[in-house]
Amino acid sequence: MKVIKNINNNVSICLDSKGTEIVVFGRGIGFCKPPYELDIQKIQQTFYNIDPMYIRMIQSIPEEMIDISAQVIDYARTKIKYVLNSNIIFTLADHLNFAIQRYRQNLILPMPMYYDVKSLYE
């Protein structure tokens, strides 16, 4: 696998053997200056078909949020029969990260449709 761009110390953009661009997670894979060949054993997770908008967003999301989101989505895939968008891990991580930031800052956002959603989705 060839690294073409590092996003941070643990996330890089790579080309697989077919030349497809993928996002790769692994401890310390972003320390070397690209381009370079990456040992496949260092890879912990790979993500295909990621929108470039989410690649930029990864830089601002703590890695543990992405790990938690990946675990939640992996669990969801075992429970539902629908195909999930490959970007869902990053949107969920961003959502969780923002919710935690709001909680830590004691910021409460009004939710005008709360009761509508509650009655529709018990």
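Residues numbered from 1 in each chain as written. Predicted model: local features only at pLDDT ≥ 70, side-chain atom pairs only at ≥ 80, totals over all residues. Heavy atoms only, no water.

### Comments concerning the pattern of salt bridges
Opposite charge on two side chains permits pairing when their charged atoms draw close.
Turning to step 1, where the next piece is worked out: For the structure on display, the rule yields 2 salt bridges.
Turning to step 2, where the next piece is worked out: Two residues, Asp74 and Arg77, come together in a salt bridge whose shortest N-O distance is 4.0 Å. With Asp74 and Arg77 both in helix 2 (residues 63-79) and 3 residues apart, the pair spans about one turn of that helix.
Turning to step 3, where the next piece is worked out: Here Arg77 falls in the partly exposed class, since its relative accessible area comes to 39%. (Salt bridge = Lys/Arg side-chain N within 4 Å of Asp/Glu carboxyl O. Helix = DSSP H or I, 4+ residues; strand = E, 2+ residues; numbered from the N terminus. Buried < 20%, exposed > 50% of the residue type's maximum accessible area, 1.4 Å probe, protein only.)

### Focus on unusual backbone geometry
Turning to step 1, where the next piece is worked out: The omega torsion across Pro34 and Pro35 is 0 degrees, close enough to zero to call that bond cis.
Turning to step 2, where the next piece is worked out: Among the structural elements, Pro35 can be located in the loop between strand 3 (21-25) and strand 4 (36-37).
Turning to step 3, where the next piece is worked out: The phi dihedral of Asn49 falls on the positive side, at around 55 degrees, and the residue is not glycine.
Turning to step 4, where the next piece is worked out: Here Asn49 lies in the loop between strand 5 (45-48) and helix 1 (52-58).

### Section: helix 2
Turning to step 1, where the next piece is worked out: Taking 1.5 Å as the rise per residue, helix 2 with 17 residues should run 24 Å; its terminal C-alpha atoms sit 25 Å apart, in good agreement.
Turning to step 2, where the next piece is worked out: Turning to helix 2, its buried residues are Glu63, Met65, Ile66, Ser69, Ala70 and Ile73. Burial along helix 2 is one-sided: seen end-on, the buried residues are contained in an arc of 145 degrees. For helix 2, exposure combined with an orientation more than 90 degrees from the buried face picks out Gln71, Tyr75, Thr78 and Lys79.
Turning to step 3, where the next piece is worked out: Contacts from the buried residues of helix 2 go to strand 3, strand 5, helix 1 and helix 3 (88-104). (Expected span 1.5 Å × (residues − 1). Arc of directions from axis to C-beta. Contact = heavy atoms within 4.5 Å.)

### Side note on the packing of aromatic side chains
Turning to step 1, where the next piece is worked out: For the structure shown, the criterion picks out 4 aromatic pairs.
Turning to step 2, where the next piece is worked out: Their ring planes at 75 degrees and their centres at 5.3 Å tell us that Phe25 and Phe47 sit as a pair that is edge-to-face. Of the two residues, Phe25 is situated in strand 3 and Phe47 in strand 5; the sequence distance between them amounts to 22 residues. Grouping residues by exposure puts Phe25 and Phe47 together as buried. (Phe/Tyr/Trp six-rings, centres within 6.5 Å; stacked < 30°, edge-to-face > 60°.)

### Structural notes on the nonpolar core
Turning to step 1, where the next piece is worked out: Core analysis: the biggest nonpolar cluster contains 19 residues, and Val23, Phe25, Phe47, Ile50, Ile58, Ile66 and Phe90 have the highest contact counts within it.
Turning to step 2, where the next piece is worked out: Only strand 2 (11-15), strand 3, helix 1, helix 2 and helix 3 provide two or more residues apiece to this core.
Turning to step 3, where the next piece is worked out: Leaving out residues up to four positions away in the same chain, Phe47 has contacts with Ile22, Val23, Phe25, Ile89 and Phe90.
Turning to step 4, where the next piece is worked out: Within the second largest apolar cluster, 8 residues are counted, among which are Cys14, Ile22, Tyr36 and Ile43. (Core = buried A, V, L, I, M, F, W, Y, C linked by side-chain atoms within 4.5 Å.)

### Overview of the sheet that holds strand 1 (residues 2-8)
Turning to step 1, where the next piece is worked out: In space, the 5 strands of this open sheet follow the order 4-1-2-3-5, with antiparallel pairing throughout. Pairing within the sheet leaves two strands with one partner each, and these edge strands are strand 4 and strand 5.
Turning to step 2, where the next piece is worked out: As judged from the 4 bridges shared by strand 3 and strand 5, these two strands associate in the antiparallel manner. The residue bridging Ile22 from the neighbouring strand is Tyr48, located in strand 5. (Pairing = 2+ DSSP bridges.)

### Quick word on the side chain of Ser69
Turning to step 1, where the next piece is worked out: Following the sequence through the fold, Ser69 ends up in helix 2.
Turning to step 2, where the next piece is worked out: Judged by relative accessible area, which is 0%, Ser69 ranks as buried.
Turning to step 3, where the next piece is worked out: Setting aside anything within four residues of it in sequence, one finds Ser69 in contact with Ile89, Leu92, Ala93 and Leu96.

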